[in-house]
Every structure is written in structure tokens, then in C-alpha cells.
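A closer look at the structure
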Amino acid sequence: MENSKSPKQKKKQKHLNKKRSKSSLFIKTLWLIGGLCLVCLVGSGSIFAYYASQAPEINEEALIDPIPSEILDKNGNVVARLGTKHRELIEYEDLPSQVEQAVLATEDERFYDHYGIDPIRLGKAVLANITEGYGSEGASTITQQVIKRSFLTSEKTLERKAKEAWLAIKFEQNYSKKEILEFYLNKTYYSDNIYGIETAAHYYYNKSLDELSLAQVALLAGIPQSPNNYNPYDSPEKAEERRNIVLSLMHQHNKISHEQMEKAQQVSVTKGIVDRSSEERTHLTKDKGFDAFIDHVIDQLDEQGDYNIYEEGLRIHTTLDPKAQAHVEKILDTEEVINYPNDKPFQAGITLLDTQTGAIRAIGGGRNYGSEVKRGFNFAIDNQRQPGSVIKPILVYAPAIEKNKWSTAHIIDDEPIEYEDGGEPANWDGEFKGDITIREALWDSRNIPAIKVFNETGHDYATEFAKGLGMNFNGETLYESAAIGGMTTGTSSMEIAGAYAALGNEGGYNEPYVIKKIEFRDGSSKEYSTKKNTAMDNSTAFMVTDMLKEVVKNPQATGTTAAVPGVEVAGKTGTTNYTDEYMKANDIAEGGTPDSWFAGYTTEYTAAIWTGYKDRKHPLTNNETRISQKIFSNLMEKVTNEEDNTDFNKPNDIVELDIEEGTEPAKLASDFTPDGSVTKELFFENDKPSDESNQFVPSLPVPSNLTTNYHSNDSSITLRWDYYQDEQDDRSVTFDITTSVDGNERFIGSTESEELTINNIEQGKDYTFYVQASTTGDESSKASVDFILENSDDKQDDDNQTSDDSSNQDDDNQTSGDSSNQDDDNQTSDDSSNQDDDNQTSGDSSNQDDDNQTSDDSSNQDNDNQTSDDSSNQDDDNQTSDDSSNQGDDDQTSDDSSNQGDDDQTSDDSSNQGDDDQTSDDSSNQDDNQTSNDSSNQDNDDQTSDDSSNQDDDSNQDDGN
């Protein structure tokens, strides 16, 4: 195949610029006026005239050679050139009549009857465009097609049509019909980088045009309408259908008989086609790599308009990130990242998007994509497989939160259920967890809760919601099993990535796109962008995202292998199952999995990965199901920019609260809730819980050591008590005091301190005082103490009181009159005293301290061991006593005896001495070191009395000692 021209062709080209008048100017003018009138049906004459005046000049070189198009990445760098010239030219004199008839019957049956534009065909097209929509039917003649491919763009606009019509008429005035047809046949693209019908004959059949059969000619005549779609190597079914249409048109226009048509239609389209290996197939680009991405660009260009990327000299600006694309191909085509099964045709499809815009950054069409078949099966786009649990955020939980305004703490019962039409779905582990939050149901990929949520939300609502995220169910009615990925219509990684990107884009969906701008060779350009559609509230997207983050973070979740170090990632796993019948028919072991997915996103990128085998009968092993997560983790780590790596923004109407697990409705965790029972959940601000759980809150302790201290000077009594609260219990406590007087109970008051003075105490009344600790939502049991004020003129106060010929001295509290005084521990006595840490009582009794002591007309001593009755008890230091001595470190009691403490003390008849508390009958009670005779009541400093001496800290001496 060469580009050189024969002498005959060179001679012909010398006459290309000569004007030829094949008809009278009058007739041509009539055709022009008729064409212009028809054009005015879709635009005013003045506009048409303006557009026509802007048409470019006819250039001879452009008529002969097609111009390659360029594909540029997101940075404006050329990554591929499409449409490199590769053709053999044919002259009209060498064109077989059957080829001409096939081409004209298909493309322009009135070619020899019009003058560049065909008013009749144009009228039909205008009518079709009005009734069926603009662009539904073309009216371009072969002349117009040559003009469009040589000088204009393929946009379906009035401007382009006006220029095209004007240039076509001018073109017909300068070139003959045969020359125009020759230009057309030598410029036309036939797929696989083949230009010109003669080149195509050699490429597909290894024959010249004059050697082809009718069926073969019809195939070549039909390919130009959509070269890649009608390529007999890649799409033999479509190619045969198109060939048969051409044969029908030839029969319709009386070019062949009905018998000839039927006979040719019976021939296999592949008959006579050269058997070429993938290596022999002509490639579209000079540049190696990026094939999957470039193929998608070509497909998208076909959808955008009637462009011919192979000969129109387009500059196509794309969203391609070349570094990301190169790494995707490294992942798929080498063993440097993933250790793939060596003996199996394991496959994968990868789509990488910009989360915020939907721009496609990289496409992984499969392992070794394009090495076997050019523009082959793309596992990222063409693959349609069941999604498994990767569908749950899109079809189940997002629509449920959007509709019902649930919190992430909403409870669902994970329990055995039946489908409406029978059958019992199961969870992946065969177990049921009972009541769990939707958060846990999602991160643990529970099937039963997903089905129940899908039913509660409503199938129709959920389906429409998912469609708003770009999911295409092809009209399929979704049943309960769709909630866990069981649907007839499959999906692709491209579709899943687009839906997940909306979750990371605050609920805004952008349809994934690959083309940003097209520059045409006439200097004009067209920009493309995607419109952000609000598919859900930002609050819904954030809640689902927060739950999906746990899929990756929670060590018990299913997606931990997909985690990316230092990057906030949200994502979901998905696997599918075989039916029992399919497993039995194909001898597949129990637990086999045909598909494994992982889809996830950051604020910057979204990626969806499918893995499996093209032949669904080949199940994945357990290790192979993890490959999709490994690919995701590696790819996201590679493309993530640390500077742009930010967490997802929490909306203002969402609050995060510490909730105690297992509470329904959700309750706030208390300060006492164990860390293992606290979970962070999201709520709408106007529906957040306010009640705090009290499950782990300790009961308030009862006030202890409740005592009374009567003040005779003003007939008041002071209650004092101790209160010991747990160190971790920081609740504020108040004390409520009530009293019962002769059986009639009344409320006295509340205080935050540990004492309260009560006035107007009446003599002869029987009082019981109660103290109760209380805080918000809790109260303790009551502590009580009884008090009877007898009629007596001998009561003395000044914070110290004595009764019954006894002395009672203490730093703090004292009680008297057949009443009880309760200490830190327990003390009882018959006609005795019960005293607190510093408290002392007397009345035919002894003085008792911190621990438990009892006595009946006897002495009970504390910390060390001391007892005496007409005996002596000596402790740490030296003590002497007449009749008896009782000595101890702290508290000492005696009856007709002496009680001595840490220091040296002596006494005649009886003395009670000690560092802290002392009591005596007919004795003295002294706080530090005191002695007394005939019952004196003395205070803390040095005191002396009749027949006794009281000396301070060191020595205390008695009469005769």
C-alpha cells in the first residue's frame, strides 16, 4: 500500500482548478434558489447568507489527504494521534460499476441529478427532523460529505449546514461528478486505520476491487457510515446486518435483482475475510499505551456528534491523568503490584474519577488490554456484572436516610426472614446478630438488615434514588434481592464509580466524562462540561460516608485491606454468589464467588474495581476476592496528593454524639459508660437524643456519720454528716433534710454542705432527722438520727455539753441524753457513749473512738489493746496510776482508773488523757493533755482545776507523782 500517484492521476490533478460548466448558469441558479429555500425552513435567509459568507476556501490538498486527529491529556500534552494515512488511491476509470452502484444506492442515489445539494432529500430530512427531532435523518449528498470531511466539522448545527451547502454548490461548479466521487472513495475511512475503498479491499480480502463479489462489495459500501461498529473482525453480526441493508438498497434502486440480493445475503460476512492475528491488525495510534482510555474517547466522540476522528484533524482535550493511567496499566499488566494467578485468565476493570467533577482520570480496561483484539472488550465499561453488596450504600442506606431522616444509630433487627415470594436469605456468616445499628449493618455487610431497610424505604423510591446516581437498570423491576446485589441487569465499574463519587461530593452527581474540549481545524472549538445534579442532601451523603469509613477502619469490618495509610477513605466491598442450580450444573464447589468488588473514595478521587473471570463459570478463590481491595489501596496511595488530602466536611445540621451501645431509642453515654460500650453516631440536629443512659451510673451513696449537736442558748440543733462519693462520680450533689416530730414529717431544706442548723427545737419532743443525697435523675437512701430534748436546766452549750454528772469534750460534735452518736464504723453501748473521730460522750460510760467499741460501766480503748478494771494497762510510754492505769496511743477509757495517751500522764483517782478523745465517769475529759477532779469540762489548751492539774503537750502530773 503506497501513497504515490500514477501519472494519470498527476495529469488529472493539473485540471482540478479549472472551471467546468456542465449545465447552463440558469439551471444551476434554479437549483441554488431551491436549495436555499429549503434551508430557510430551518433558519432565515439572512442568517444563511451570513454563515455562507464565513465558509472557508476550497483547498485542493485538503481534498486529497485526511488530517490525523490528536488526543491531549488534562495538561494539554498530546498523548496520541489517530488517523495516520494508510491508503491506495483509485481512479474513476478503474472503478467497477458494481462498486459505484453500491455506494450511490447507499449514500446518494440522486448523485448525478443534483448540483451539490439535493432539495428532495433535504425536504425529507427537514420533515423527519421536525416530526422526529433534529438530527434524526441526514440529507448530505456525497458532495456535501466530501466538503464536510475536507473543510468543516461534523457538528449538526445550522452554521455548519449553511457553509456545507454553499461550498457544495461551489464545489460542483469546479469539479465533475466523477472527480467528486473519486475524492469521496479515496478519503473514506474503513476502520483499523484504513483509508480509501481500494485499500480496504486489499486489507479485508487481499483483493482488488474488481475481484470482489457482490456480498463483499456491499460490506465495503456499508462500513463508512460507522467504521468501528461495522468492522467485520470486531463486530461480525453488526457488519452482516449493515451489509444486508446495502443489498436491499441496491435492489430497491434497481441495481440488482431480488434473486441477487437474496443470494448475497445468504453469504457469511466473514467469508473471504483475511484471517489476521492481533499483531497483524493495524493499530489506530502511533503511541503505545493508554489504549483503554483512548478507546473510550473515541466512543464518547461518536456519541457527541457526527465526528470523524480519523480524518478531520481534531484536537481533543481530555480529562486523562497520564501518571494515573500509567500506574493503572502497571497494576494490570505487570506483577510488580499484584501477584495474579499465573495459570488463570484473571481479569479486572478499573475506573478512577475526580470526586468533585466526575472527570475520568484513568481507565483500566483489563489485563493486557488491546494486546489480543484492538478496541476489544473493556472490563471497566463493557462489563455488566452483578454488584453484590457494593450496591447497598446506593440502593439501600442512602435512600433510607434521605427519606426517613434516620440517624446512624437507627436499630434494625438482624433476624431470620423470608422473601415475599419464598426463600430465606442469609448473612455471609450464617448468623444473626439481633438488634444492631444501620452503621454496624453496613460495615459488617449484613444482608438481612439491608433487605428490611430496602422494604421499609420502598422499592420504587429506592430505585428512582439510585437512578439519580447514574444507575441504569434498563427498565428492570427491582425486587427484595436487589438490596444485596441480586438483579438481572449488571453494572460496570464506571457506573459504580460515578454513583460513589456523589457520596464524596456532598450529594452532587456528575456523569463521568472524558472530553473537555474539541478544537476544529477551522479554528472553532466546542467545550464540554458536566452539570452537577443534586442527588441527595449533603447530610445524607455525609452520614453514609461516615458509615463507609468504618468499613475500612473497623478491624472487624470487611474492607480493611483497602485502607490507605494516612488517608481518610470511605468504601464498600461486594461479592456475588452462584445459585444452587448454577453451581450444580457447572460443578462449582460450595462458597464459590464469581465477582469481587471494591468501590471507595476520598475527597479527591473515587475508584471502583471489579475483579473476576470473563467466564463466569470460573469462581474466585478466597485470596482472589481480596485483590480488588489491594488494587484500590495501591492506586489511591499512588494518586493521592498529601496537600489535598482532607477529611469530609460535616454539615451544620448534623451532630456527632457519644451513644451507649444497645440503647433503643439511642441514649447518650454517661461518664460511667465503659469505653467499649460507647460509639459515636450521627444525628440530625433537630432529632438528637437528650436522655443519658443510667445503665452504668452508680447509685448515690447514703450519707454517713449523721450526728446532732444541740445549742441550748438558742434552742437550735446542728446536723452534721459525712459523704463519700466515688472519685469518678463528678455529679453535683445536694442534701435534702426532713424531720419527723412526734411522728409528723416535714421538709426542712436543702444544702450543698455537709451540715445544717435547725432552729426552734422544743423540749420534750421526739425528733428524727433524715438526710438524703440527690442529683439530677437520682437520689440516695436516707440516713437518720433520733434526738429527744428532755426538760433540763443543766444543759450547757458552747459547742461542748455535759450531762449525767459527766463531761463530754470534742473538737466537733457531741450528743447527750440517751441518744445515739454514729461513727465511721459502728459503736454501741448500754448507757454509754458512741463517738465520732473527734466526738466524745459521757454518762456512766467511757469514751470510744474510730473503731468499734462497746462497754457496760467499763472502759473500751482503741488503736492498741487497752482494758482495765482496777488494773493497769500500759502502752508506748511510761504511765503510772493509783488503783489502775489505762494507756493507749489514741483513745482511752477508764472506770475509777487512769487513761494515758502518747505522752506521760498521771492522775489521782481517775484521769483520761490522750491526743484525741477522752471520756471518764467522775473524771476529767481532756482534749490534748488535761487532768481534772470532780468532773470539769476543759478545752484544748492548758487548764487546771480544783484538786487537779492540767498540763500541756509533754507532761501531766498528779498529786503525789
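Note that the coordinates shown come from a computational prediction; the quantities given were computed from them, not determined experimentally.

Considering the overall build of the protein chain
Of the regular secondary structure elements, the protein chain holds 23 helices and 29 strands. Looking at the protein chain alone, contacts between residues at least 24 apart form 63% of all its contacts between residues at least 6 apart. When the accessible surface of the protein chain is split by element, carbon and sulfur atoms take 41% of a total near 42,900 Å².

Topic: the packing of aromatic side chains
In this structure the tally under the stated criterion is 21 aromatic pairs. When the ring of phenylalanine 171 is compared with that of tyrosine 175, the centres are 4.8 Å apart and the planes differ by 50°; the resulting orientation is tilted. Neither phenylalanine 171 nor tyrosine 175 differs from the other in exposure class; each is buried. Ring pairs connect the aromatic residues Phe171, Tyr175 and Phe183, which therefore count as one cluster. Across the ring face of tyrosine 770, the terminal group of lysine 782 is positioned such that the distance to the ring centre comes to 5.7 Å.

Let's talk about the pairing of strand β1 (residues 69-72)
Neither face of β1 is open: one carries Ser69 and Ile71, the other Glu70 and Leu72, and all of them are buried. In terms of strand pairing, β1 meets strand β2 (residues 78-82) through four bridges, oriented antiparallel. Bridge pairing links leucine 72 to valine 78 in β2. Following β1, the chain reverses through five residues before pairing antiparallel with β2; glycine 76 in that reversal takes a positive phi of roughly 90°.

Topic: the sheet that holds strand β19 (residues 734-741)
Judged by pairing direction, the sheet is antiparallel, and its four strands sit side by side in the order β20-β19-β22-β23 without closing on themselves. The strands lining the two open edges of the sheet, one partner per strand, are β20 (744-751) and β23 (778-788). For this sheet, the mean angle separating the axes of adjacent strands, direction not counted, is 20°. When β19 meets strand β22 (residues 766-775), the two strands line up antiparallel, connected through eight bridges. If you follow aspartate 736 over to β22, its bridge partner there is glutamine 772.

With respect to the environment of glycine 574
Note on placement: glycine 574 falls in strand β12 (residues 570-575). Since its relative accessible area comes to 3%, glycine 574 is described here as buried.

A few points about unusual backbone geometry
The step from glutamate 664 to proline 665 runs through a cis peptide bond, and the omega angle for that step is 0°. Of note, proline 665 is situated in the loop between β15 (654-660) and β16 (678-684). In this structure, serine 191 is a non-glycine residue whose phi angle is positive, near 70°. Summarising the element assignment, serine 191 is placed in the loop between α9 (177-187) and α10 (197-205). By relative accessible area, serine 191 is classed as buried at 1%.

Points about the sheet that holds strand β5 (residues 360-364)
Taken in spatial order, the five strands of this open sheet run β5-β4-β14-β13-β12, and their pairing is antiparallel. On the outer flanks of this sheet lie β5 and β12, each paired with one strand and no other. Strand-to-strand twist across the sheet, computed as the mean angle between neighbouring axes with direction ignored, equals 5°. Pairing of strand β13 (residues 595-601) with strand β14 (residues 605-613) involves seven bridges; the strand directions are antiparallel. Note on β14: the bridge partner recorded for alanine 599 is alanine 608. The strands that helix α15 (residues 322-333) touches are β4 (346-354) and β5; relative to β5, the one it contacts most, it runs at about 20°.

Considerations on the confidence of the model for the protein chain
Taken residue by residue, the protein chain gives an average pLDDT of 78. The fraction at 70 or more is 71%. Confidence drops under pLDDT 50 across residues 1-26; counting only partners more than four residues distant or on other chains, this segment forms 46 contacts.

What about the nonpolar core?
Buried together is how nonpolar side chains tend to be arranged in soluble globular proteins. Counting 92 residues, the largest nonpolar core has Ile394, Leu395, Tyr397, Leu469, Ile496 and Leu548 as its most contacted members. Setting aside its immediate chain neighbours within four residues, leucine 469 contacts Ile394, Gly498, Ala499, Ala502, Tyr509, Ala535 and Met536. Membership of the second largest hydrophobic core comes to 51 residues, among which are Leu63, Ile194, Leu219 and Leu247.

Concerning the pairing of β20
In terms of strand pairing, β19 meets β20 through seven bridges, oriented antiparallel. The partner of valine 741 across the bridge, within β20, is asparagine 744. Hairpin remark: β19 followed by β20, antiparallel, with two residues in the connecting loop; positive phi at aspartate 742, about 50°.

Topic: the packing of helix α5 (residues 97-107) against helix α11 (residues 214-222)
Where α5 contacts α11, the two axes come as close as 9 Å, and the packing angle between them is 45°. If you check the angle between α5 and α11, you find them oblique. In the crossing of α5 with α11, the sense of the turn from one axis to the other is right-handed. Residues Gln98, Val99, Ala102, Val103, Thr106 and Glu107 of α5 touch α11, and the partners they reach there are Leu214, Val217 and Ala221. Counted by class, the contact of α5 with α11 contains six nonpolar, two polar and one charged residues.

Examining the environment of isoleucine 717
Assignment of secondary structure puts isoleucine 717 in strand β18 (residues 716-722). Overall, the relative accessible area of 0% leaves isoleucine 717 in the buried class. When the C-alpha positions of isoleucine 717 and asparagine 759 are compared, they lie 6.5 Å apart, and in sequence the two are 42 residues distant. With near-sequence residues (within four places) excluded, isoleucine 717 lies in contact with Thr708, Asn709, Tyr710, His711, Leu756, Thr757, Ile758, Ile761, Phe769 and Phe787.

So, helix α16 (residues 392-404)
Along α16, the sharpest kink reaches roughly 30°, centred on alanine 398 and followed within four residues by the proline proline 399. Taking burial as the measure, the 13 residues of α16 include eleven buried ones, the bulk of the element. Three or more residues of α16 are buried, namely Lys392, Pro393, Ile394, Leu395, Val396, Tyr397, Ala398, Pro399, Ala400, Ile401 and Glu402. Just downstream of α16, lysine 405 is the residue with a positive phi angle, here 55°.

Observations regarding the environment of threonine 545
Looking at the element boundaries, threonine 545 is found in helix α21 (residues 538-553). Sequence separation of threonine 545 and leucine 503 is 42 residues, and the distance between their C-alpha atoms is 6.5 Å. Those residues in contact with threonine 545 that sit more than four places away from it in its chain are Leu503, Ala570, Tyr601 and Phe648. Looking at threonine 545, its side chain comes within polar contact range of the side chain of tyrosine 601, at 2.7 Å.

Looking at the pattern of salt bridges
When the charged atoms of two side chains lie near each other, side chains of opposite charge can form a pair. Here the structure, examined in full by the defined rule, presents 31 salt bridges. Note that arginine 315 is salt-bridged to glutamate 70, the shortest N-O span being 2.6 Å. Of the two residues, arginine 315 sits in strand β3 (residues 315-318) while glutamate 70 sits in strand β1, which places them 245 residues apart along the sequence. A relative accessible area of 18% means that glutamate 70 is categorised as buried. Note that lysine 74 and aspartate 321 form a salt bridge whose closest N and O atoms lie 3.6 Å from each other. Taken together, the residues lysine 74 in the loop between β1 and β2 and aspartate 321 in the loop between β3 and α15 connect sequence positions 247 residues apart. Look at aspartate 321 and you get buried, because its relative accessible area is 10%. One network of salt bridges, in which partners are shared, links Asp414, Asp429, Lys433, Glu440, Asp444 and Arg446.

Calculation rules
- Residues numbered from 1 in each chain as written.
- Predicted model: local features only at pLDDT ≥ 70, side-chain atom pairs only at ≥ 80, totals over all residues.
- Heavy atoms only, no water.
- Helix = DSSP H or I, 4+ residues; strand = E, 2+ residues; numbered from the N terminus.
- Contact = heavy atoms within 4.5 Å.
- Areas by Shrake-Rupley, 256 points an atom, 1.4 Å probe, with all protein chains shown as cover.
- Phe/Tyr/Trp six-rings, centres within 6.5 Å; stacked < 30°, edge-to-face > 60°.
- Buried < 20%, exposed > 50% of the residue type's maximum accessible area, 1.4 Å probe, protein only.
- Lys NZ or Arg CZ within 6 Å of the ring centre and 35° of its normal.
- Pairing = 2+ DSSP bridges.
- Axes fitted to C-alpha atoms, helices over the stretch in contact; angles between N-to-C directions.
- pLDDT = per-residue confidence, 0-100.
- Core = buried A, V, L, I, M, F, W, Y, C linked by side-chain atoms within 4.5 Å.
- Parallel < 35°, antiparallel > 145°, perpendicular 65-115°, else oblique.
- Left-handed = near helix turned anticlockwise from the far one by under 90°.
- Nonpolar A, V, L, I, M, F, W, Y, C, P; charged D, E, K, R; others polar.
- Bend = angle between axes of the 7 residues up to and from the residue.
- Polar contact = N/O pair within 3.5 Å; in protein donor to acceptor, adjacent residues only side chain to side chain.
- Salt bridge = Lys/Arg side-chain N within 4 Å of Asp/Glu carboxyl O.

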